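Coordinates in review
Each chain is listed here by its residues.
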Amino acid sequence: MGERCCAVLRVLVLQAAWALAGGQVRYSVPEEAKAGTMVGRLAQDLGLEAGEAEARRLRLVAQGRRASVEVSGASGALLVSSRLDREELCGKSAPCALRLEVLLERPLRVFHVQLEVTDINDNAPIFPAARKNLSIAELSVPGSRFPLEGASDADIGANAQLSYTLSPSEHFALDLQKTDEDGESLFLVLRKSLDRETIPVHRLVLTATDGGRPSETGTMELLISVVDANDNAPQFNQSVYKVQLPENAERGTLVIKLNATDLDEGSNSNIYYSLQILSPQEGKDVFGLERNSGEIRLTGDIDFEEVNLYRLQVDATDKGTPSLSGHCKVVLEVLDVNDNAPEVWVTSLSVPVPEDASVGTVVALLSVSDRDSGANGRVRCWVWPAAPFGLEATFAGSYSLVLREALDRERVSEYEVEVRAEDGGAPALGARRGLRVPVSDVNDNAPLFAQAVYTVLARENNAAGAELARLWARDPDEAGNGRVSYSVWEGAAGGVGAAAGSGWRAASSYVSVDAESGRVWALQPLDYEELQVLQFEVRAVDAGEPPLCGNATVQLFVLDENDNAPALLPPAGSAPEAGAVAAEAASSSSSSSFVGPVSGSGTLWAWAAWGAPAGQVVAKIRAVDADSGYNAWLRYELWEPRAKGPFRVGLYSGEVSTARPLDEADGARHTLLIVVRDHGEPARSATATLSVSLLEANEAALAAGSSLASSGSGSRSAVGVDVGGAAASAATNVWLVVAICAVSSLFLLALVLYGASRWAPRAAVLSGPGPTTLVCASEVGSWSYSQRHSRSLCVADGAAKSDLMVFSPNFPPPPPGAAPKDTQPEPSALLHTVSASSFVSSALSHPPSWYLLCEGAFSSHG
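Predicted, not measured: the structure shown is a model, and the values here were computed from it.

All right, on to the packing of aromatic side chains then. Applying the stated criterion across every chain yields a total of nine aromatic pairs. Geometrically, the ring pair formed by Phe236 and Tyr273 is tilted, given 6.2 Å between the ring centres and 50° between the ring planes. Placement of Phe236 in strand E15 (residues 235–236) and of Tyr273 in strand E19 (residues 271–279) is noted, with a sequence separation of 37 residues between them. Residue class for Phe236 comes out buried when judged on its relative accessible area of 10%. Using a relative accessible area of 6% as the deciding quantity, one classes Tyr273 as buried. On the basis of an interplanar angle of 80° and a centroid distance of 5.0 Å, the ring pair of Phe287 and Tyr310 is categorised as edge-to-face. Of this pair, Phe287 sits in strand E20 (residues 287–289) while Tyr310 sits in strand E22 (residues 309–318), and the two are 23 residues apart along the sequence. Exposure class is identical for Phe287 and Tyr310. Each is buried. Chaining the aromatic ring pairs together yields one cluster made of Phe236, Tyr241 and Tyr273.

Below you can see the structure in the form of structure tokens.
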């Protein structure tokens, strides 16, 4: 403590000495000078020699605060040791002088140094706050003044002289007033009326600039809020809102949410909404408005087909005083939805339709509509099935159902037509309308028989009125057009040649047809021997207008009954009606003699030579049966003598031959009773008595020669019994003559038959439409015989009889009035057309029983 007091004392002494000496050094340094900056040559200014400052320890004496300067010990210069801040050292005082004391030892001396820190513009103006909020009423009048607080600058002098500027604004300006009393006063002046709805907040920048070089500036943001007044009505952003809504929208669907804005604020901007229906008035039950939110929702159903456009008015009112309102319109367009199916109506229907209606005939008129619109209302129509009707559009929504194809009632008598309609919506809706279109009948079908030719078999001796057949013609027409009546058509010249050459008889004399049922009745008993085939036509006529008809040919074949007994052929030289028995000699190369017939005795005579070998034919019984087939198939039996005699009879040939060689032990005369039977049921028979005389060989030859001379060689077929020739050893000359004559006759006859069969006109006979028919009274065929219509299948002595007739039942009809012989060919000509090969092949194709029967029949007749 004492040292310190001594030191202070010394300083005071030095100061006093310095003051007495009157020496004080002044320096000036700008603030913010860098460390090491030389302020002045303190040692030199104090009058010290070089090196003396270091030797005498020249130094600063602190006075309680940091001086920020120091003395260099080597050079004695005063240097800046740390940052100098005038505002920190002196604040707003001017000038800013620092008083320093410099101590010098040996001897101790104190010097006073005044260091002035000069101001530089290192501080910018500073406002009290970075932002200032101001509230100005929207209704403030221009010229209104609003005080502002200015900025401050830590510098002094010109560096602290401030000027103010305001960011550009058409509404505000600055006014700086300077008075001696109040100093500077800064005001914000309103230049233009405010509109809060236009600019609710004004953001301005107030700038303060000092006078330094370079100048520094400071800023403050002015946030001016305009206080609202209810001077704006609520506004919608559109005056008209257009809304589209599908008609199938459900109740509660949001139509639109309206938002009206009020530029005011507070209660002045609080808005509520109200709804008015402009059109149609029915819409008041369809829409509802939420008062606060402005949402319009569906409260009812909308239907495009009933109302497709609604016009609404919405009012928005604020809660200011007085309240202001805004208005808008809402136009709601209802969009069509494909919710209506097409509808089809039949406006006219012309039924039934005649089946001969021409193509294009209008059957019905239809109307098609769809309550929807656009593609949903465009309807496409067609007919199902596609034939035979079609649709033709007449004008919008109207169609004609027309005939596209010819009708046929017999094929389809009624049509179920369906008119189908489909709209163009997605998904498409359709409708159907069914129509029954009956087809009325037209007489366009003639009666038609099931067969063009009917073959009917009828037994002879049938009862009059017996039903022979039943014909039926089908007429697919209906009612009178399909009612058929039957009749025998005489226009076809149907008939047959009557017996005994009486000419053609009409078929209606034999048969009759029931007009309603088509049954064919016999008007009289039929006789096979008179009529074998009856061909006629039956006509079926309907009751239409005009009537149509159809024909069918009936071929009636009469089947033979065994109603005729066998008949023996008459002897040679007598008329057919003179008697029923005869005998004819049959010559043979091995015969020794024969005897001619003895007339007038009622017995058949034959001659045989003594010594005739076994198997020598001595006679041949010839018989014929007017029946046919089995009924005409004859067999011959030796009835007497029953014991074994020298003679026998061929079962089917009728040839009487020797059963063994004849000798003198046999009697001179033998009487044979021969029975001729047919194969009918019951069988019929005839008997013949043959008397055989046994002669010597020469006598038998003479008898044979006299018989031949009396009868003539050309009449051999007329005698009834053939007698065997004499022995070869007798009458050789006579036998040679007879043989030569016989061979010559046979040769000439063969030439005649060959020429007749080759050049006979057979084509006319076979010109009928039907096939050649073989009729036989058995399961395998039919025999047919007629004494008038027959032909021998082989040529032999005597009057041969054929039990087989081949004919065609389809004879061409003879012209009326023509003679039978001119119009109906003889059956003999028919047989010429049958070749041997075809006959043999047809015979072999039958069962063995049939072949044996035919073989026996043929052999029985030569």
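With that settled, the discussion passes to the sheet that holds strand E34 (residues 467–470). Taken together, the three strands give an open sheet; going across it, the order is E34-E40-E39, and neighbouring strands pair in antiparallel fashion. Edge positions in the sheet fall to E34 and strand E39 (511–513), since each has one partner strand and no second. Mean inter-strand twist for the sheet, computed between neighbouring axes without regard to direction, equals 20°. Pairing of E39 with strand E40 (residues 519–522), which is carried by three bridges, proceeds in the antiparallel orientation. When the sheet's bridge partners are listed, Val513 is paired in E40 with Val520.

Position of Val337 relative to the elements: it lies in the loop between strand E23 (325–335) and strand E24 (343–349). Residues Val337 and Phe304, 33 residues apart in the sequence, show an inter-C-alpha distance of 7.9 Å. With residues up to four places along the chain from it excluded, the contact list for Val337 reads Pro246, Glu247, Asn248, Asp372 and Asn376.

Take the pattern of salt bridges next. If you walk through the whole model with that rule in mind, you get 26 salt bridges. Arg196 is the partner of Glu197 in a salt bridge, and the nearest nitrogen-oxygen pair spans 3.6 Å. An identical accessibility class is assigned to Glu197 and Arg196; each is buried. Close ionic contact of Arg251 with Asp301 constitutes a salt bridge, the shortest N to O distance being 3.4 Å. With Arg251 in the loop between strand E16 (240–246) and strand E17 (254–257) and Asp301 in the loop between strand E21 (295–298) and E22, this residue pair connects regions lying 50 residues apart in the sequence. Taking the relative accessible area as the measure of exposure, Arg251 reaches 57% and is therefore exposed. What makes Asp301 exposed here is its relative accessible area of 56%. Bridged by salt links that share partners, the residues Arg196, Glu197, Asp228 and Glu265 form one connected network.

Looking now at the sheet that holds strand E2 (residues 38–40). Pairing is antiparallel across the open sheet formed by three strands, whose spatial order is E2-E5-E4. Of all strands in the sheet, those with a lone pairing partner are E2 and strand E4 (69–71), marking the two edges. Adjacent strand axes in the sheet meet at a mean angle of 35° when their direction is disregarded. Bridge count for E4 against strand E5 (residues 78–80) is three bridges, and the pairing is antiparallel. Residue pairing across strands places Glu70 opposite Leu79, the latter belonging to E5.

In this section: the pairing of strand E51 (residues 685–695). For strand E44 (residues 604–609) and E51, the ladder comprises six bridges, and the chain directions are parallel. In the strand pairing of E51, Ala609 is matched with Leu695. Sheet topology places strand E50 (residues 669–678) next to E51; nine bridges connect them, and they run antiparallel. The partner of Val676 across the bridge, within E51, is Ala686. Hairpin connection from E50 to E51: six residues lie between these consecutive antiparallel strands.

Confidence in the prediction of the chain, expressed as mean pLDDT, is 76, and 75% of residues score 70 or more. Taking the mean pLDDT of every element in the chain, the minimum, 29, falls on helix H8 (residues 827–832) and the maximum, 95, on E16. Ignoring residues within four places in sequence, the model shows residues 1–22, a span with pLDDT below 50, making 19 contacts including any to other chains.

Note the cis peptide between Arg213 and Pro214, where omega equals 0°. By the element assignment, Pro214 lies in the loop between strand E13 (201–209) and strand E14 (217–227). Between Glu681 and Pro682 the backbone carries a cis peptide bond, its omega angle lying at -5°. Considering the arrangement of structural elements, one finds Pro682 in the loop between E50 and E51. One non-glycine residue, Arg57, lies in positive phi territory at about 55°. Within the element layout of this structure, Arg57 appears in the loop between helix H3 (52–55) and strand E3 (59–61). Positive phi is not limited to glycine here, since Arg106 has a value of about 50°. Examined against the element boundaries, Arg106 turns out to sit in the loop between strand E6 (97–104) and strand E7 (109–118).

The subject of this paragraph is the nonpolar core. Here is a general trend for soluble globular proteins: nonpolar side chains tend to be buried in one another's company. One finds Phe449, Phe536 and Leu556 to be the most contacted residues of the largest nonpolar core, which totals 28 residues. Elements supplying a minimum of two residues to this core: strand E33 (453–459), E34, strand E36 (484–489), E39, E40, strand E41 (533–542) and strand E42 (549–559). Non-local contacts of Phe449, meaning those with residues more than four positions away in its chain, are made with Tyr454, Leu471, Trp472, Ala473, Tyr486, Val538, Ala540, Gly550, Asn551 and Ala552. In terms of nonpolar packing, the next biggest core, distinct from the first, is built from 27 residues, Ala33, Leu78, Leu100 and Leu104 among them.

Before going further, it helps to examine a negative patch on the surface. A surface patch of negative charge is lined by Asp663, Glu664, Glu696 and Glu699. Residue position: Glu696 is located in the loop between E51 and helix H5 (697–711). Look at Glu696 and you get partly exposed, because its relative accessible area is 40%.

Reading the values: rules and limits
Residues numbered from 1 in each chain as written. Predicted model: local features only at pLDDT ≥ 70, side-chain atom pairs only at ≥ 80, totals over all residues. Heavy atoms only, no water. Phe/Tyr/Trp six-rings, centres within 6.5 Å; stacked < 30°, edge-to-face > 60°. Helix = DSSP H or I, 4+ residues; strand = E, 2+ residues; numbered from the N terminus. Buried < 20%, exposed > 50% of the residue type's maximum accessible area, 1.4 Å probe, protein only. Pairing = 2+ DSSP bridges. Axes fitted to C-alpha atoms, helices over the stretch in contact; angles between N-to-C directions. Contact = heavy atoms within 4.5 Å. Salt bridge = Lys/Arg side-chain N within 4 Å of Asp/Glu carboxyl O. pLDDT = per-residue confidence, 0-100. Core = buried A, V, L, I, M, F, W, Y, C linked by side-chain atoms within 4.5 Å. Patch = residues over 30% accessible without salt bridge, like charges linked within 9 Å, V, L, I, M, F, W, Y side chains within 5 Å. Areas by Shrake-Rupley, 256 points an atom, 1.4 Å probe, with all protein chains shown as cover. Lys, Arg positive; Asp, Glu negative; His and termini not counted. Charge placed at Lys NZ, Arg CZ, Asp CG, Glu CD.

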